[in-house]
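A structural walkthrough
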Amino acid sequence: MTERSLRKETSKPIQAYQKARRYSMVRRTFRLVALTMVLLALATATGYAAPPIMSAQGAILMDAKTGQVLYDRNIHKKLAPASTTKIMTAIIAIESGRLDEMTRVSAHAASTGGSSLNLYPGQSITLRELVTGLLLRSGNDAAVAIAEHLAGSTDAFVDIMNQKAASLGAVHTHFRNPHGLSAPNHVSTAFDLAWIARYALTNPTFAQIVSTKETNIEWLDRKGGSQERNLRNTNKLLWMLEDADGVKTGTTNAAGPCLVSSATRNNQKLIAVVLHDHSRWYDSMQLLKYGFDNYDLYEYIEQGAVLAALPVENGMTGIVDALVAEPGSLVVNAADYPSVAVEIDLPEKIKAPVYQGQKIGEIIFYVQDKAVKTVDLVAGNAVEESTLSKILLTHWLDTMRRLSGWGLL
């Protein structure tokens, strides 16, 4: 056999193998495309889109008004929160009502490591400017200066932070400092951080600061000269996503890149948290877009509103207000929005005594004829039971008031 015929014979099995391999790849590609089309068809048919794939160790998407969780990934896993800690530091400072006070920066505060506002010992600066620098520039030195001014020491301030977290229901959070630098047992969770941010965003001052891309603050130099200091927000999402309006970045070696973000579209505000996520900007955008594209907020009645006035049987007064105890709203898949229905469960009248805050009824939300949420209706005022002795006492007191008004007593 010649060399040429040998090469020809040898090439036959190779060509056959290549042809078979190409055919197999085509079949696999066809199956993949077919499977993708089926999944897309199912998603379209049901109205449910697949949530984004995340690289975060912990992540959550929460509706700000209702607190409903729309996406979850290890939401109760304790992780280092880095500078997202400063959300709590800021809201405590804002709620103190002392933002216009002048503070004096200690040497201890000025020497704090990590991200810095570049404060110097003895510097005079308002608490408001410290909070602005805390949230926009993530100044660790500002966090310590705030803590010392409000509580006398960082340890005392951290106690306040932990008490506040517990009162809000952030039960898996424990702070060891006001700035978020790595420390043993300085932990939070995606859920807790979203829950704390949800609370903080109800404060107009906090919401305004975290939505600010860039601002100037008054700055006294070491010689006492006044100048403006420019601060640019570390939250790049404010530039990357049109609807974005908060909240706080965080990065340490232990925590990795973290982001608590918020965005508002029409009547709905969403909060996203990603922890230890090297794709935090992209993942946060995907989470927020997923929420807006697939969920709608059904608003029925505001928290604290009077839904009805009920007659009170055998009461010292004849009426009790039925107040809405929590937001009378529901987040639903966009495809289910037309099927939402509401039922009010209230008695025609109620018997005294009635205690303020007592549950007297409820609002029931239905989606496709299935009950999915209830909101309590509570008594807005107390009504004592009517007895002979109380009636006589009331008449006597009323008579005394009238006589006093006429100058007869």
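Residues numbered from 1 in each chain as written. Predicted model: local features only at pLDDT ≥ 70, side-chain atom pairs only at ≥ 80, totals over all residues. Heavy atoms only, no water.

Some details on the pattern of salt bridges
Per the stated rule, a full pass over the model turns up 12 salt bridges. With a shortest N-O distance of 2.5 Å, Lys65 and Glu299 are connected by a salt bridge. With Lys65 in the loop between β1 (58-63) and β2 (69-73) and Glu299 in strand β10 (residues 295-301), this pair connects stretches of sequence that are 234 residues apart. Between Glu362 and Lys359 there is a salt bridge, with its nearest N and O atoms 3.1 Å apart. (Salt bridge = Lys/Arg side-chain N within 4 Å of Asp/Glu carboxyl O. Helix = DSSP H or I, 4+ residues; strand = E, 2+ residues; numbered from the N terminus.)

A short note on the packing of aromatic side chains
Scanning the model with the defined rule gives five aromatic pairs in all. A centroid spacing of 5.4 Å and a plane angle of 15° characterise the contact between Phe191 and Trp195, whose relative ring orientation is stacked. One end of the pair, Phe191, and the other, Trp195, are both in helix α7 (residues 190-200), four residues apart, so they sit about a helical turn from each other. Ring centres of Tyr290 and Tyr295 lie 5.9 Å apart, and the angle between their planes is 75°; on these two criteria the pair is classed as edge-to-face. In this structure Tyr290 comes out as buried when scored by relative accessible area, which is 10%. In this structure an aromatic cluster arises from ring pairing among Tyr298, Tyr300, Tyr337 and Phe365. One Lys or Arg, Arg198, reaches over the ring of Trp195 and ends 4.8 Å from the middle of that ring. (Phe/Tyr/Trp six-rings, centres within 6.5 Å; stacked < 30°, edge-to-face > 60°. Buried < 20%, exposed > 50% of the residue type's maximum accessible area, 1.4 Å probe, protein only. Lys NZ or Arg CZ within 6 Å of the ring centre and 35° of its normal.)

Quick notes on the pairing of strand β12 (residues 319-324)
What you see with β12 is a clean split: Val320, Ala322 and Val324 sit on the buried side and Ile319, Asp321 and Leu323 on the side with no burial. In the sheet, strand β11 (residues 306-313) pairs with β12 via five bridges, with the strands oriented antiparallel. Across the sheet, the residue bridging to Ala308 is Ala322, located in β12. Hairpin connection of β11 to β12: five residues between the antiparallel strands, including Asn314 at a positive phi of 60°. Bridge analysis of β12 against strand β17 (residues 370-379) gives three bridges, and the strand direction is antiparallel. Counted as the bridge partner of Ala322 is Ala379 from β17. (Pairing = 2+ DSSP bridges.)

Structural notes on the sheet that holds β17
The six strands lie next to each other as β14-β16-β17-β12-β11-β15, forming an open sheet whose pairing is mixed. Of all strands in the sheet, those bounded by a partner on one side alone are β14 (340-345) and β15 (350-351).

Focus: the sheet that holds β2
Pairing is antiparallel across the open sheet formed by five strands, whose spatial order is β2-β1-β9-β8-β7. The open sheet has two edge strands with one neighbour each: β2 and β7 (244-252). Strand-to-strand twist of the sheet, defined as the mean angle between neighbouring strand axes without regard to direction, takes the value 5°. For β7 and strand β8 (residues 256-265), the ladder comprises eight bridges, and the chain directions are antiparallel. Note on β8: the bridge partner recorded for Gly250 is Cys258. Against the sheet, helix α10 (residues 280-294) contacts β1, β2, β7, β8 and β9 (268-275), and its axis sits at roughly 30° relative to β8. (Axes fitted to C-alpha atoms, helices over the stretch in contact; angles between N-to-C directions. Contact = heavy atoms within 4.5 Å.)

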